[in-house]
Amino acid sequence: MWRLVRQYGTHQVLLNQGMGRSAYLCRRLDCLQAARRRQQLSKALKASVPDSLWQLLEQELAEGRQETSDAKG
C-alpha cells in the first residue's frame, strides 16, 4: 500500500514521507483510478492531490508490472 501524507504546516501532499494526516491506497490500477475519479484522497487528506503525484503513482504501477512480467519470462 502507498501512504500519502498531507504534511503538517505546509499542507503539501507527499508519498511515503513526513508527518501529518495520512491516507492509504492499494497498489492496483483500479484502486488508483477510482480514487482519482472520486477524489477520495483529496477528501481524506483535506487537501488537493497534485497531478504530478498521480502521474508518479501511475508510473510506479507501470514499472512494477513490467518488472513482474520480466521475472516471469
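Above this note sits the structure.
Residues numbered from 1 in each chain as written. Predicted model: local features only at pLDDT ≥ 70, side-chain atom pairs only at ≥ 80, totals over all residues. Heavy atoms only, no water.

Enquirer: Quick question: what am I supposed to make of unusual backbone geometry here?
Expert: Most peptide bonds are trans, and most residues other than glycine sit at a negative phi. The phi torsion at His11 lies on the positive side, around 60°, for a residue other than glycine. Relative to the helices and strands, His11 is located in the loop between strand S1 (2-7) and strand S2 (13-15). What makes His11 partly exposed here is its relative accessible area of 44%. We note that Asn16 has phi near 55°; this positive angle belongs to a residue other than glycine. (Helix = DSSP H or I, 4+ residues; strand = E, 2+ residues; numbered from the N terminus. Buried < 20%, exposed > 50% of the residue type's maximum accessible area, 1.4 Å probe, protein only.)

Enquirer: What's the story with helix H1 (residues 29-38) in this structure? I'm lost.
Expert: Structurally, the α-helix is built with 3.6 residues per turn, so residues lying three or four positions apart point the same way. Listed as buried for H1 are Cys31, Leu32, Ala34 and Ala35. Summarising the axial view, the buried residues of H1 lie within an arc of 170°, below the 170-degree limit, and thus occupy one face. Positive backbone phi, at 55°, marks Gln39, one or two positions downstream of H1. (Arc of directions from axis to C-beta.)

Enquirer: Hey, could you run me through the side chain of Arg6 in this one?
Expert: Mapped onto the elements of the fold, Arg6 is located in strand S1. For the buried Arg6, no salt bridge is present, and the opposite-charge side chain at shortest range is Asp51, 18 Å distant. Here the side chain of Arg6 touches Leu45 through a polar contact of 3.0 Å, landing on its backbone oxygen. Sequence-distant contacts of Arg6, that is, excluding residues within four places in its chain, are made with His11, Gln12, Val13, Met19, Gly20, Arg21, Leu45, Lys46 and Ala47. (Lys, Arg positive; Asp, Glu negative; His and termini not counted. Salt bridge = Lys/Arg side-chain N within 4 Å of Asp/Glu carboxyl O. Polar contact = N/O pair within 3.5 Å; in protein donor to acceptor, adjacent residues only side chain to side chain. Contact = heavy atoms within 4.5 Å.)

Enquirer: Quick question: what am I supposed to make of the pattern of salt bridges here?
Expert: Close approach of charged atoms allows side chains of opposite charge to pair. Under the defined criterion, the tally for this structure stands at four salt bridges. What you see here is one network of salt bridges that share partners, running through Arg36, Asp51 and Glu58.

Enquirer: Honestly, the pairing of S1 in this entry has me stumped. Any pointers?
Expert: Remember that side chains alternate between the two faces of the sheet whenever the strand is regular. Bridge analysis of S1 against strand S3 (residues 20-25) gives six bridges, and the strand direction is antiparallel. Across the sheet, residue Arg6 finds its bridge partner in S3, namely Arg21. Of the pairings in the sheet, the one linking S1 to S2 comprises three bridges and is antiparallel in character. Directly across from Leu4, in S2, lies its bridge partner Leu15. Where S1 hands over to S2, the hairpin turn is made up of five residues, of which Gly9 adopts a positive phi near 95°. (Pairing = 2+ DSSP bridges.)

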